[in-house]
Amino acid sequence: MTRIETHKDLTRRNTFGMKVSCACFVEYDSLEDLFSLDFGELPQPVFHVGAGSNLLFTGDWPGTLLHSCIKFLRPMGLEEDEVLVEVGAGAVFDSFVEWACSRGLWGAENLSLIPGEVGAAAVQNIGAYGVEAGDIIVRVNCFDREAREMVTFENADCRYGYRTSFFKEEGKGRYIITSVLFRLSRKYNPRLEYGNIRSAFDGRQPMHPDDVRKAVSDIRKAKLPDPAETGSAGSFFKNPVISAEHFARIEEVARAESGPDVRVPHFDTPEGVKVPAAWMIERCGLKGFRLGDAAVYEKQPLVIVNLTGKAAPEDILALERKVIAAVKDKFGVELHPEVEHI
Ligand code: EPU
């Protein structure tokens, strides 16, 4: 079935809680529904959304928002220790993770409790605690809006990178993800490289994916705002990757302020040095900083929150500009939003 609503209020359709609307909202339940839609007849522009957990609406959307309710979860059989599972794009991503963990299947547990739906997870390459969606995606099935046919992208064709993919870049707007095939493993394979997770186990080994799911959930609940209580879209900025020379200059700034023993957190990557934006924002004195109804989250400064529930897009945008300018001024680093602005 396809449901079409006009002048729809989107307050509950974006986790930031922006009080905005769209001219037309179309929700479909199946591939057949999607094929039968005449995109040209819908108010333009047409944009596909998931759960709205990584979006900042900067105003009312003049066109159509599409939303998938294709929600199946289908185990596709066993290959030695591997289990392939196909999941509909409109399924809640964490329901898939919960399903996998409860069956003792490894691979998705570090991605526990990330808000959002499966299709958006495959576009955005969501990641947490050393694992990204792209690590467990085998292939992605899409509806090609131009050719009006189904297309399959193998993992390599998806060009997964840090919070990015082909679907977010060259393929943007053309391909609608309908389902994703994930690879999980029966073989004991905990991923504990990330410091927070390692210390949660304190030298012990998790016995079951559910143990890791619990540890990740505890960390997330302690650090990140509860979407049911405080509006946000998770991390607002990406962690920047800079050159070794630039990183040395940042270390100098930190030493001049805090003495020779100060340690600047960083991770070496093939592209350069990744420096946590949270650390830089905190160093700018902006942790907990409030501007009108928006604030930099006091427990994790990478997150911008709708503090009072009354923040308008302009409040969030003003705070975004303030944070970018402060970090640029102090460290010469240009932060880029991770949250998509539409
Ligand atoms: N830090 C501070 N001050 C703070 C918090 C953190 O200085 O108040 C520094 C610390 O050095 C810490 C480092 O930042 O070691 C990293 O912090 P954290 O582990 O919280 O992770 P993050 O880099 O801030 C990223 C993802 C999160 C993901 C976590 C865990 C991005 C944009 N964000 O945050 O993803 O949960 O790692 O893997 O890469 C999201 O995308 O919405 C999201 C929450």
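What you are looking at is a predicted structure, and each value in this text was computed from that prediction instead of being measured.

Asks: Mind laying out helix α5 (residues 209–223), listing which residues take part and the relevant values?
Replies: Helix length check: α5 (15 residues) gives 21 Å between terminal C-alpha atoms against 21 Å at 1.5 Å per residue, within 8%. Buried within α5 are the following residues: Pro209, Val212, Arg213, Ala215, Val216, Ser217, Ile219 and Arg220.

Asks: Mind laying out the side chain of His246, listing which residues take part and the relevant values?
Replies: Turning to its location among the elements, His246 is positioned in helix α6 (residues 244–258). Residue His246 is classed as buried on the basis of its relative accessible area, which comes to 12%. Apart from residues lying up to four places away in sequence, His246 is in contact with Phe331, Gly332 and Val333.

Asks: Could you give an account of the site of the ligand, naming the residues involved and the relevant values?
Replies: Near the ligand there are 25 residues, and of these Tyr129, Arg163, Tyr194, Glu282 and Lys287 occur at the shortest range. For the ligand, an oxygen atom lies 2.8 Å from a polar atom in the side chain of Asn239. At a separation of 2.7 Å, an oxygen atom of the ligand approaches a polar side-chain atom of Lys287. Bound to the protein, the ligand loses 83% of the 820 Å² it would expose on its own. Those elements that place two or more of their residues in the shell around the ligand are β8 (127–128), α5, β13 (231–235) and α7 (277–283).

Asks: Residues and numbers for the environment of His67, please.
Replies: Here His67 shows up in strand β5 (residues 61–68). Overall, His67 belongs to the buried group, its relative accessible area being 4%. The spatial distance from the C-alpha of His67 to the C-alpha of Val26 is 6.2 Å, given a sequence separation of 41 residues. Leaving out residues up to four positions away in the same chain, His67 has contacts with Arg13, Phe25, Val26, Glu27, Tyr28, His48, Val49, Gly50 and Glu117. Side chain to side chain, His67 and Glu117 meet in a polar contact 2.9 Å long.

Asks: Account for the sheet that holds strand β15 (residues 267–269), naming residues and giving values.
Replies: Here three strands make up an open sheet; going across it, the order is β14-β16-β15 and the pairing antiparallel. Both edges of this open sheet fall to β14 (241–242) and β15, since each of them pairs with a single strand only. In this sheet, strand β16 (residues 272–274) lies alongside β15 in antiparallel orientation, the contact comprising three bridges. Note on β16: the bridge partner recorded for Phe267 is Lys274.

Asks: Which residues make up unusual backbone geometry, and what values do they have?
Replies: Going from Gln44 to Pro45, the amide bond is cis rather than trans, its omega being -5°. Positive phi, normally seen in glycine, also occurs at Tyr129, with a value near 50°. Tracing the backbone through its elements, the reader meets Tyr129 in the loop between β8 and β9 (131–132).

Asks: Just give me the short version of the packing of aromatic side chains, but keep the residues and values in it.
Replies: Summed over all chains, the structure comprises 16 aromatic pairs. Pairing Trp106 with Tyr188 gives two aromatic rings, centres 5.2 Å apart and planes at 80°, and the pair type is edge-to-face. Placement of the pair is Trp106 in the loop between α2 (93–102) and α3 (118–124) and Tyr188 in the loop between β12 (175–185) and α4 (195–201), with a sequence separation of 82 residues. Note on Trp106: relative accessible area 4%, which makes it buried. Exposure remark for Tyr188: the relative accessible area of 43% places this residue in the partly exposed category. Centroid distance Phe153 to Phe166: 5.3 Å. Interplanar angle 35°. Geometry classified as tilted. Of the two residues, Phe153 is situated in strand β11 (residues 149–154) and Phe166 in the loop between β11 and β12; the sequence distance between them amounts to 13 residues. Grouping residues by exposure puts Phe153 and Phe166 together as buried. Members of the aromatic cluster, joined through ring pairs, are Phe153, Phe166, Phe167 and Tyr175. Its guanidinium or amino end placed over the ring of Phe72, Arg74 lies 4.1 Å from that ring's centre, counting from NZ or CZ.

Asks: Describe the pattern of salt bridges, naming the residues involved and giving the relevant values.
Replies: It is possible for side chains of opposite charge to pair when their charged atoms get near one another. Counted according to the given criterion, the structure contains 20 salt bridges. Glu251 is the partner of Arg255 in a salt bridge, and the nearest nitrogen-oxygen pair spans 4.0 Å. Of this pair, Arg255 and Glu251 both sit in helix α6, four residues apart, which is roughly one turn of that helix. Residue Glu251 is classed as partly exposed on the basis of its relative accessible area of 23%. Linking Glu257 and Arg283 is a salt bridge whose minimum nitrogen-to-oxygen distance equals 3.2 Å. Note that Glu257 is positioned in helix α6 and Arg283 in helix α7, a separation of 26 residues in sequence. Here the salt bridges do not stand alone but share partners, grouping Arg3, Arg13, Glu27 and Asp29 into one network.

Asks: Which residues make up the domain arrangement of the protein, and what values go with them?
Replies: By domain assignment, the protein separates into domain 1 (2–68), domain 2 (73–223) and domain 3 (231–341). Relative to domain 2, the C-alpha centre of domain 1 lies at a distance of 24 Å. Across the boundary between the two partners, domain 1 contributes 17 residues, which contact 14 residues of domain 2. Together domain 1 and domain 2 conceal approximately 1200 Å² of surface at their shared face, both sides included; 61% is due to carbon and sulfur atoms. Our count for the contact surface shared by domain 1 and domain 2 stands at zero salt bridges. Counting the contacts that link domain 1 with domain 2 gives three residue pairs in polar contact (both at pLDDT 80 or more). For the side of domain 1 that touches domain 2, the elements supplying multiple residues, two or more each, are α1 (31–35), β3 (46–49) and β5. Among the residues making up the side of domain 1 that touches domain 2, the classes are represented as ten nonpolar, seven polar and no charged.

Cut-offs and rules
- Residues numbered from 1 in each chain as written.
- Predicted model: local features only at pLDDT ≥ 70, side-chain atom pairs only at ≥ 80, totals over all residues.
- Heavy atoms only, no water.
- Helix = DSSP H or I, 4+ residues; strand = E, 2+ residues; numbered from the N terminus.
- Expected span 1.5 Å × (residues − 1).
- Buried < 20%, exposed > 50% of the residue type's maximum accessible area, 1.4 Å probe, protein only.
- Contact = heavy atoms within 4.5 Å.
- Near = heavy atom within 4 Å.
- Polar contact = N/O pair within 3.5 Å; in protein donor to acceptor, adjacent residues only side chain to side chain.
- Areas by Shrake-Rupley, 256 points an atom, 1.4 Å probe, with all protein chains shown as cover.
- Pairing = 2+ DSSP bridges.
- Phe/Tyr/Trp six-rings, centres within 6.5 Å; stacked < 30°, edge-to-face > 60°.
- Lys NZ or Arg CZ within 6 Å of the ring centre and 35° of its normal.
- Salt bridge = Lys/Arg side-chain N within 4 Å of Asp/Glu carboxyl O.
- Domains from an automatic or database assignment.
- Buried area = accessible area lost by both parts, 1.4 Å probe.
- Nonpolar A, V, L, I, M, F, W, Y, C, P; charged D, E, K, R; others polar.

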